Amino acid sequence: MEDTFEGRKPASAKFNIYLLTIALLWTVVMALFFLWNSEREDWQATEAGRIQARSSFEKDVIYRSWNAGHGGVYAPVTELTPPNPYLDVPERDVTTPSGKELTKINPAFMTRQVHEIGQKKFGAYAHITSLNPIRPQNTPDPWERDALEAFEKGESEMSSLERMDGVMHLRLMRPLLTTKACLKCHAFQGYKEGDIRGGISNSVPMAPFWSIARHRKRVFLVWFSLIWLLGAAGIFFAGKK
């Protein structure tokens, strides 16, 4: 009996090492799955910010096209909407028979006002810019200049995560192409239909997207921990048999 008992010790030790190896592999596999899901959540959060920035750009293009298609629209002159000194067109300012003063709002002026509202309400920055701006405030910052130069080389979109005023944003920029309606204001700059005359950069705060990602990662951590615990228990009880 002693020989038999002694002979079982090496086998038992090997079995324990085998179980320990399985438990270690199980832990590594679950950890890798959790890390992969965490990375995917971060990627999806960034992609969600990028999609929102693209959507903002597309909406800018749509209402700019509407405005340009009407040759500009008139609005009452107010402190917030004074006559545009950079718009040199006939009948920029008119007075109605009732005496109300109106000024023409071109696509760029309208876009600028919409962007200012968006920044105040949502913290989303947007900026019309060009390598050859009419309005000095439309001069590109270094990031925008790099994007505009990339458009000249054939790129259709530039985006990256950037910190703005201490807050992380997804910055995205696409080019603005010159259309026939645009030439009413931009022909004197030498642009032709189809030329890239600038771009709009949209910057979306990432905090809301990352908050959702953190919540989902906490949920994943709970579920992966439970799955790992069930697997570890299964390995432990298998070793008891």
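The rules we used
Residues numbered from 1 in each chain as written. Predicted model: local features only at pLDDT ≥ 70, side-chain atom pairs only at ≥ 80, totals over all residues. Heavy atoms only, no water. Helix = DSSP H or I, 4+ residues; strand = E, 2+ residues; numbered from the N terminus. Buried < 20%, exposed > 50% of the residue type's maximum accessible area, 1.4 Å probe, protein only. Contact = heavy atoms within 4.5 Å. Salt bridge = Lys/Arg side-chain N within 4 Å of Asp/Glu carboxyl O. Pairing = 2+ DSSP bridges.

Now for the overall build of the protein. A count of helices and strands for the protein gives five helices and seven strands. In sequence order, the protein lays out its α and β elements as α-β-β-β-α-β-α-β-β-α-β-α. For the protein, the proportion of its 241 residues judged to be buried stands at 31%. In the protein, of all internal contacts separated by at least 6 residues, the share reaching a separation of at least 24 is 62%.

Look at glutamate 91: it is not a glycine, yet its phi comes out positive at around 55°. Considering the arrangement of structural elements, one finds glutamate 91 in the loop between strand E1 (73–76) and strand E2 (93–95). Relative accessible area serves as the criterion here: at 60%, glutamate 91 is assigned to the exposed category.

Pairing is possible between side chains that carry opposite charge, provided their charged atoms lie close to one another. Going through the model one piece at a time under the given rule, you end up with 10 salt bridges. Residue aspartate 42 is joined to lysine 217 by a salt bridge in which the shortest nitrogen-to-oxygen separation is 3.0 Å. Here aspartate 42 is found in helix H1 (residues 2–69), whereas its partner lysine 217 is found in helix H5 (residues 207–240), with 175 residues between them in sequence. Between arginine 174 and glutamate 157 there is a salt bridge, and its shortest N-O distance comes to 2.9 Å. Here arginine 174 is found in strand E6 (residues 167–177), whereas its partner glutamate 157 is found in the loop between helix H3 (142–152) and strand E5 (158–164), with 17 residues between them in sequence.

Right, let's talk about the pairing of strand E3 (residues 101–105) for a bit. Among the five residues that make up E3, four are buried, leaving the element largely enclosed by the rest of the structure. Where E1 lies against E3, four bridges are found, and the strand directions are antiparallel. Paired with alanine 75 across the bridge in E3 is threonine 103. Where E2 and E3 come together, three bridges link them in antiparallel fashion. Bridged to valine 94 within E3 is leucine 102.

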